[in-house]
Amino acid sequence: MFAPAGMLLALPAVLFLAVLICVAAIMLRISFDRYTGASGEQSAWTLQNWSRLVTDQTYLRSLLLTLRLTVATSVLAVLLAFPLALFSRTAGSRTRATISIAMLLPLLANLVMQIVGWMVVFSPRGPLSFLPFRVAFTEASVLIVLVHHTMPFAYFAIDAALQNVPRSLEEAAATLGAGRLVVLRRVLFPLALPGVLSGSILVFAGTFSAFVIPILVGGYRIPVLGVLVQAAMDESNWPMSATIASALTLIALVLLGGYQKVVLRLAAQPPSEAFGR
Amino acid sequence: MIRSRTERIALASSTVVLLIFVLAPTVMIMAASVNRSATLTFPPRGLTLDWYGAAVSTLLSGDFGGAQQSLTVSLVVALTSAALASLVGFPAAYALVRLRFPGRRVLEVLVSLPLVFPAVSFGIGLLILLSRLAVDLPYGRLILADTILAIPFVVRNVSASLAGLSRSLEEAAWTLGASRAYAFRKIVLPLARPGLISGLFLAFIVAFNEFTVAFFLYSPKAQPFSIWIFQRTEAAFDTSLTAIGTIVLGFNLLLLWGVQRFGTGGGSWSRTAATKPHQNARAN
């Protein structure tokens, strides 16, 4: 088949996806506009919004809060997903399918409804009421729900990486005298590393720009960056709103670049190659 | 597999704990929906199905801020978006797996973009873009957004299916005198079907449940169901919402089961779209 056939086949999808590029471009443009208070915004080329983003206390604190939550979520998601992926690696196909459905649920099922479910968990008469401190509307509750929502990314990525590891590798290591922990550390973990990386990048991306979960679970009390995008919009400060949104998008694009790199290496690397290291 | 008993027990028990964590909110909603007490308590105090009666009458009436209309909006938007995403996603997946062409790497990156693009930025940005273009399409903008968000799910599942089948099958059909179109219809399409079904189902689920982007794009003329649920939760929480939630989550579970049963399993959405063009692919 001649070369342009591929371009022709891809064109409709590209047209749709190009909307995202247009969205990113127009927001970047508006982020340089001047906000003139009540009268709205004025077309300009100013850096005042960007400089506010990196100097204003409100935004700096929000940035720190967002980073803290994102890093904690990524670490916890990987720590929880890893043993699950190890288990499902050797489980029967039926168990694997059940785990897969269970993991798709937090990712895809109605988010608002799931948050209502978590509110029952955190409510004063819920199953966590024995705890000596309040969980509802705290940073901890937001963290729990964020981990819940993004862990599937880590699970599916690690699971996919471990699927490519032939069992004979483990057996060979065991025959050569490696204990189970050594096999885990020297064989399984290094081979799962691309999955761990690509999974945590997706978790990171999903958490960094989180909006609904901090608003609903945190009761508007956990002002992460995503929440401030909307807060600025509510004040009709479109330039500031566009600036924060652009910052989030730029971070996402950097993450996507990293993700693509990891995924390409994963696709290119036969299992035996990593073993020879 | 050489595995000690301790190891097996450790793995199995951590799996059980994790599954409890994963299913916790779903179980809570279900428990609350049969709880006689009107306040959110767990464990339930006495069982009742009254909330389901209330839920059904809410869903079938035009009152309560238009539950029925919202449900219709969501179904129409989700069906259209899933169909559109499949229509444009399938050829793109075929091109990615089978063909070499300039811009293939760009396409790969583009296809992953909706997965990482911040939903808040997408919602606000699309709102701004459409208002600058002076386009006012209450349904159209929801469908546009949901189609974009659903494309990765279609492309990933279809390419996973296509990558698994050998190109020589198609070539054999050509050699035996089948036209390209005939070979496509008789060989490629049936073999890609599991991926296409998974993609369609997942696209529908994504579009039906989408919240953040819709939060910025909905209008009174087209208010999706997830927005309706959100507004009811914010306004006055009433326990029949947990029954509605159970019905919605049950519907989602049914669709996910469909993905497992008739499709590729759904897990392949996360598998790499960066499949290399098949070894035999020729750039002639």
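Since we're looking at a predicted model, the values are computed, not measured. (Residues numbered from 1 in each chain as written. Chains lettered and ligands numbered in written order. Predicted model: local features only at pLDDT ≥ 70, side-chain atom pairs only at ≥ 80, totals over all residues. Heavy atoms only, no water.)

Enquirer: Before we move on, could you go through the overall build of chain B and cite the residues and values that matter?
Expert: Each helix and strand counted, chain B has eleven helices and zero strands in total. In chain B, the order of α-helices and β-strands from amino to carboxyl end is α-α-α-α-α-α-α-α-α-α-α. In chain B, 74% of the contacts between residues at least 6 apart in sequence involve partners at least 24 apart. (Helix = DSSP H or I, 4+ residues; strand = E, 2+ residues; numbered from the N terminus. Contact = heavy atoms within 4.5 Å.)

Enquirer: Tell me what's going on with the interface of chain A and chain B, and back it up with residues and numbers.
Expert: At the interface, 92 residues of chain A touch 98 residues of chain B. In total, chain A and chain B occlude about 8,600 Å² of area from one another, counting both sides; carbon and sulfur atoms represent 79% of this. Here chain A and chain B share zero salt bridges between them. Tallying contributions element by element places helix α1 (residues 4-30) of chain A first for the side of chain A that touches chain B, with 19 residues. Of the residues in the side of chain A that touches chain B, the class split is 71 nonpolar, 15 polar and six charged. (Buried area = accessible area lost by both parts, 1.4 Å probe. Salt bridge = Lys/Arg side-chain N within 4 Å of Asp/Glu carboxyl O. Nonpolar A, V, L, I, M, F, W, Y, C, P; charged D, E, K, R; others polar.)

Enquirer: Break down the packing of α1 of chain A against helix α6 (residues 138-163) of chain B for me, with residues and values.
Expert: Running from amino to carboxyl end, α1 of chain A crosses α6 of chain B at an angle of 110°, the nearest separation of the two axes being 10 Å. When the axes of α1 of chain A and α6 of chain B are compared, the pair comes out roughly perpendicular. Contact residues: Ala13, Phe16, Leu17, Val19 and Leu20 of chain A in α1 of chain A; Leu144, Thr147, Ile148 and Ile151 of chain B in α6 of chain B. Looking at side-chain class alone, the contact of α1 of chain A with α6 of chain B contains eight nonpolar, one polar and no charged residues. (Axes fitted to C-alpha atoms, helices over the stretch in contact; angles between N-to-C directions. Parallel < 35°, antiparallel > 145°, perpendicular 65-115°, else oblique.)

Enquirer: Which residues make up the nonpolar core, and what values go with them?
Expert: Among the nonpolar cores identified, the biggest contains 178 residues, and Leu108 and Ile158 of chain A together with Phe122 and Leu126 of chain B are the most heavily contacted of them. Tallying contributions element by element places helix α3 (residues 67-98) of chain B first for this core, with 14 residues. Discounting chain neighbours no more than four positions away, the residues touching Ile158 of chain A are Val78, Ala81, Phe82, Ala85, Ala192, Gly195 and Val196 of chain A. (Core = buried A, V, L, I, M, F, W, Y, C linked by side-chain atoms within 4.5 Å. Buried < 20%, exposed > 50% of the residue type's maximum accessible area, 1.4 Å probe, protein only.)

Enquirer: Before we move on, could you go through helix α5 (residues 111-122) of chain A and cite the residues and values that matter?
Expert: If you check α5 of chain A, its first and last C-alpha atoms are 16 Å apart, about what twelve residues at 1.5 Å a residue would give, namely 16 Å. For α5 of chain A, the full list of buried residues reads Leu111, Val112, Met113, Gln114, Ile115, Val116, Gly117, Trp118, Val120, Val121 and Phe122 of chain A. Where α5 of chain A is buried, its residues touch α4 (93-108), α6 (139-163) and α9 (212-217) of chain A together with α1 (5-33), α10 (225-235) and α11 (240-262) of chain B. N-cap assignment for α5 of chain A: the residue whose side-chain oxygen lies 3.3 Å from the backbone N of Val112 of chain A is Asn110 of chain A. (Expected span 1.5 Å × (residues − 1). Polar contact = N/O pair within 3.5 Å; in protein donor to acceptor, adjacent residues only side chain to side chain.)

Enquirer: Provide a residue-level description of the confidence of the model for chain A, including the pertinent values.
Expert: With 94% of its residues at a pLDDT of 70 or more, chain A shows a mean pLDDT of 86. Model confidence for chain A, summarised as mean pLDDT per element, is weakest for helix α12 (residues 271-275) of chain A at 44 and strongest for helix α3 (residues 57-90) of chain A at 93. (pLDDT = per-residue confidence, 0-100.)

Enquirer: Please give an account of the environment of Gly250 of chain B that cites residues and values.
Expert: Here Gly250 of chain B lies in helix α11. Considered as a pair, Gly250 of chain B and Met30 of chain B are 220 residues apart in the sequence and their alpha carbons are 9.6 Å apart.

Enquirer: Could you give me a rundown of the side chain of Asn237 of chain A, with the residues and numbers involved?
Expert: All names here are of chain A. Mapped onto the elements of the fold, Asn237 is located in the loop between α10 (225-234) and α11 (238-268). Within the structure, the side chain of Asn237 is placed 3.2 Å from the backbone nitrogen of Met240, a separation counted as a polar contact. Discounting residues that sit within four places of it in the chain, Asn237 has contacts with Tyr35, Arg52 and Ala232.

Enquirer: Quick rundown of the pattern of salt bridges? Include the residues and the values.
Expert: Residues and elements named next belong to chain B. Evaluation of the coordinates by the stated rule reveals eight salt bridges over all chains. Between Glu108 and Arg104 there is a salt bridge; the shortest N-O distance is 3.4 Å. With a gap of four residues between them, Glu108 and Arg104 both fall in helix α4 (residues 104-116), about one helical turn apart. Each of the two residues, Glu108 as well as Arg104, counts as buried. Ionic pairing is found between Asp136 and Lys221, a salt bridge with its closest N-O pair at 3.7 Å. Of this pair, Asp136 sits in the loop between α5 (119-132) and α6 while Lys221 is found in the loop between α9 (212-217) and α10, placing the two residues 85 residues apart along the sequence. Counted as one network, the salt bridges with shared partners bring together Arg104, Arg105 and Glu108.

Enquirer: Before we move on, can you summarise helix α2 (residues 50-60) of chain B with the specific residues and values?
Expert: All names here are of chain B. The complete set of buried residues in α2 reads Trp51, Ala55, Thr58 and Leu59. Down the axis of α2, the smallest arc covering the buried residues is 95°, so these residues share one side. Among the exposed residues of α2, those pointing more than 90 degrees away from its buried face are Asp50 and Leu60. In this structure, the buried side of α2 is in contact with α1, α3, α10 and α11. (Arc of directions from axis to C-beta.)

Enquirer: So what about unusual backbone geometry? Which residues, and what values?
Expert: The backbone of Ser236 of chain A sits at a positive phi, close to 60°, despite the residue not being glycine. Tracing the backbone shows Ser236 of chain A in the loop between α10 and α11. Of note in the backbone geometry, Ala134 of chain B takes a positive phi value of approximately 55° without being a glycine. Its location among the elements puts Ala134 of chain B in the loop between α5 and α6.

Enquirer: I'd love a proper account of the packing of aromatic side chains, names of residues and values included.
Expert: Aromatic ring pairs: the centre-centre distance and the angle between the two ring planes describe each pair. Taken as a whole, this structure holds 21 aromatic pairs over all chains when the rule is applied. A ring pair is formed by Phe211 of chain A and Phe215 of chain B, whose centres lie 5.5 Å apart and whose planes are at 55°; its orientation type is tilted. Separated into two different chains, Phe211 of chain A in the loop between α8 (180-208) and α9 and Phe215 of chain B in helix α9 make up a pair that spans both. According to the relative accessible area criterion, Phe211 of chain A is buried, its value standing at 4%. Measuring from centroid to centroid gives 5.4 Å for Phe225 of chain B and Trp228 of chain B, while their planes differ by 10°, and the two rings are stacked. In this pair, Phe225 of chain B and Trp228 of chain B both sit in helix α10, three residues apart, roughly one turn of the helix. In this structure Phe225 of chain B comes out as buried when scored by relative accessible area, which is 1%. (Phe/Tyr/Trp six-rings, centres within 6.5 Å; stacked < 30°, edge-to-face > 60°.)

Enquirer: How would you sum up the environment of Gly46 of chain B? Please name residues and give values.
Expert: All names here are of chain B. Topologically, Gly46 is positioned in the loop between α1 and α2. By relative accessible area, Gly46 is classed as partly exposed at 32%. Sequence separation between Gly46 and Pro25 is 21 residues, and the spatial gap between their C-alpha atoms is 20 Å. Those residues in contact with Gly46 that sit more than four places away from it in its chain are Val34, Asn35 and Arg36.

Enquirer: Describe in detail the packing of helix α7 (residues 167-175) of chain B against helix α8 (residues 180-209) of chain B, supporting the description with residues and values.
Expert: Residue and element names in this part refer to chain B. At a minimum axis separation of 9 Å, α7 and α8 run at an interaxial angle of 150°. Between α7 and α8, the interaxial angle falls into the category roughly antiparallel. Here the hand of the crossing between α7 and α8 comes out right-handed. Contact with α7, carried on its side by Leu169, Glu170, Ala173 and Trp174, involves Arg180, Ala183, Ile187, Val188 and Leu191 of α8 and no other residues of that element. Split by residue class, the contact of α7 with α8 holds seven nonpolar, no polar and two charged. (Left-handed = near helix turned anticlockwise from the far one by under 90°.)

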